[in-house]
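Single-letter residue listing:
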Amino acid sequence: MTLAKVFERVTNGEDVPVEFAAYDGSRAGSPDADVRIEIRTPYAVSYLIRSPGLLGLARAYVSGHIDVHGDMYETLTRLSDTLNGLTFADRLRVLGGVADDPLLRAAAATRVKPPAQEAPRKSRFRRHSKERDAEAIHHHYDVSNRFYEWVLGPSMAYTCAVYPSLGASLEEAQATKFDLVARKIGLEPGMRLLDVGCGWGGMVMHAAREYGVKALGVTLSKQQAEWAQKAIAENGLSELAEVRFMDYRDVPEAGFDAVSSIGLTEHIGQANVPAYFQFLNRKLKPGGRMLNHAITRQDNTQDSIRPDGFINRYVFPDGELEGPGYLQSQMNDHGFEIRHQENFREHYAMTLRDWCRNLDDHWEEAVEEVGEATARVWRLYMAGCRLGFDRNFIQLHQILGVKLPSSGVSGMPLRATWGI
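Only a predicted model underlies this, so the values are computations on that prediction, with no experimental measurement involved. Numbering of residues starts from 1 in every chain and runs along the sequence as written. With the structure being a predicted model, the display of local features is reserved for residues of pLDDT at least 70 and the display and counting of side-chain atom pairs for 80 or more, all residues being used for whole-chain, interface and lining totals. Values shown for side chains rest on all heavy atoms present in the structure; no hydrogens or waters enter the calculation.

Caption draft 1: Representation of the sheet that holds strand S3 (residues 36-39) within the structure. Pairing between two strands is assigned when DSSP locates at least 2 bridges connecting them. Secondary structure elements are defined from DSSP: runs of H or I of at least 4 residues count as helices, runs of E of at least 2 residues count as strands, and each element is numbered from the N terminus. The sheet built from four strands is open, its strands ordered S2-S1-S3-S4 with mixed pairing. Strand pairing shows two members of the sheet lacking a second neighbour, strand S2 (27-29) and strand S4 (66-69), which therefore form its edges. Taken over all neighbouring pairs, the strand axes of this sheet differ in orientation by 20° on average, direction set aside. The pairing of strand S1 (residues 19-22) with S2 spans three bridges and is classified as antiparallel. Residue pairing across strands places Ala-21 opposite Arg-27, the latter belonging to S2. With axes taken as lines fitted to C-alpha atoms, and helix axes fitted only over the stretch in contact, angles between N-to-C directions fall between 0 and 180 degrees.

Put into structure tokens, the structure is as follows:
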């Protein structure tokens, strides 16, 4: 049986607007489609059969045994229903389809090693220790600052942007996000801000430059901290802004007027969320505000971590996502009066659209900088996440809380005045 016939089995003969081509010369699907999936070697079948869930397809693509010609997001969108429904019985059908081909049979019997870009699965018992968190952050963020500059653009903001209009640019949307956070936490000249998980220092520099705030950011990525400190100096902000290479749990200062956490909660781990909010609460003055900006599951019923998922194995080792209700409840139960919450799911899909476009525009440079396999990880990861936000598999929530003083006076406006 040809691989094209196997493809038709997997798709149950559905009219999928994708062309399929294989090294054996067989073809299937729509020959005039603007997306083509190419099986380059028999070992792609081994990955598909032997790997859990959709991890095999990811392994085959990252290692180059499968190629995708055309837009990755469009490819995943068109195949998502078929791929998400791939069962063990489907795998057996694939195996049956290759049984009469000696080359494919030998490849299917071979246990191919995962690509080097895949983080090994580790025991859950030391998950989110300081040492292991540092390893996970290094795996994800210390890829290459130059690579991130191409993907993220001049803002170097690796978190959901907030688009003031459908036609807004990525840079305009990232500036809008930082300013929205600043207004929600009520920044004013002379205040002190702690930004945990600060990335390349975007929020720290915005707070210092636009609001005259003395801002401290911390990150577990050495490359981020070095890039941020250089940018702070180049922008003449060294008297107000600082980024340190350190674990947020080791920040010795307290008495901050505000705390922002933009994209850190995903690295905390569900079991540590209560202690995380309790720690941030202790860092604030009475009356201080804290904003938590985090990717979430769409509800509180799902597992926070999927150890065999592509993102956990290739992008965010030990990453965990909770439901928005859980996060809000834990903030509420650990010293914060909840004052505002909103979902930016569609905004993150748009952000990822722009990051994907940036990567495609700089594909050759990115491959030269980090290698083709790593560039493939990012192409697949960002397109898949965009689809996840579009389909409401994941969301992005900002939750604003206040550490009330003993008087109970929140210091908040009667109604939200920040808008977008």
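Caption draft 2: Main features of the packing of helix H16 (residues 363-370) against helix H17 (residues 372-390). Put simply, H16 and H17 touch, their axes get as near as 7 Å, and they point 125° apart. Here H17 runs oblique to H16, going by the angle between their axes. Judged by residue contacts, Trp-363, Val-367 and Val-370 of H16 engage Glu-372, Thr-374, Ala-375, Arg-376 and Arg-379 from H17. Any angle that is under 35 degrees is reported as roughly parallel, and any over 145 degrees as roughly antiparallel; angles of 65 to 115 degrees are reported as roughly perpendicular and all others as oblique. In this description, contact between two residues means that some pair of their heavy atoms is separated by no more than 4.5 Å.

Caption draft 3: How the structure looks around the packing of aromatic side chains. Working definition: a ring pair exists when centres of Phe, Tyr or Trp rings (six-membered ring for Trp) sit within 6.5 Å. Plane angles under 30 degrees give stacked, over 60 give edge-to-face, the rest tilted. All told, the structure shown has 15 aromatic pairs when counted by the stated rule. Seen in terms of ring centroids, Phe-147 and Tyr-148 are 5.9 Å apart; in terms of plane orientation they differ by 75°. Their pairing is edge-to-face. Judged on exposure class, the residue Phe-147 and its partner Tyr-148 are both buried. Ring pairing ties together the aromatic residues Phe-147, Tyr-148, Tyr-158, Trp-200, Phe-316, Tyr-348, Trp-355, Trp-378, Tyr-381 and Phe-389, which thus form one cluster. Whether a charge lies above a ring is judged from NZ of Lys or CZ of Arg, which has to be within 6 Å of the ring centre and within 35 degrees of the ring normal. When the ring centre of Phe-256 is taken as reference, the NZ or CZ atom of Arg-192 above it lies at 4.3 Å. The aromatic ring of Tyr-73 is capped on one face by Arg-386, whose charged end is 3.6 Å from the ring centroid. Note on classification: 1.4 Å probe, protein chains only; a residue is buried when its accessible area is under 20% of the maximum for its type, exposed when over 50%, partly exposed between these limits.

Caption draft 4: Local environment of the sheet that holds strand S9 (residues 284-297). Taking strand neighbours across the sheet as the criterion, the seven strands line up as S7-S6-S5-S8-S9-S11-S10 in an open arrangement whose pairing is mixed. With one partner strand each, in any of the chains shown, strand S7 (241-245) and strand S10 (337-343) form the two edges of the open sheet. Here the strands of the sheet are splayed against their neighbours by 15° on average, with no regard to which way each runs. Summarising the sheet, S10 and strand S11 (residues 394-402) pair through six bridges and their orientation is antiparallel. In the strand pairing of S11, Ile-338 is matched with Gly-401. Packed onto the sheet, helix H11 (residues 222-234) meets strand S6 (214-219) and S7 and runs at close to 160° relative to S7. Sheet strands touched by helix H15 (residues 345-361): S9, S10 and S11. Its angle to S11, the strand with the most contacts, is close to 120°.

Caption draft 5: Expanded view of the nonpolar core. Counting residues in each nonpolar core, the largest one holds 82 residues, and the members touching the most others are Leu-187, Leu-193, Phe-310, Trp-355, Trp-378, Tyr-381 and Met-382. Looking at this core, the element that brings in the most residues is H17, giving ten residues. Setting aside anything within four residues of it in sequence, one finds Met-382 in contact with Val-151, Leu-352, Trp-355, Cys-356 and Leu-359. Counting residues in hydrophobic clusters, the runner-up holds 23 residues, among them Val-218, Tyr-248, Leu-264 and Phe-277. We define a nonpolar core as any set of buried Ala, Val, Leu, Ile, Met, Phe, Trp, Tyr and Cys residues linked to one another through side-chain atoms lying within 4.5 Å.

From the geometry alone we can't say anything about function, so treat these as descriptive.
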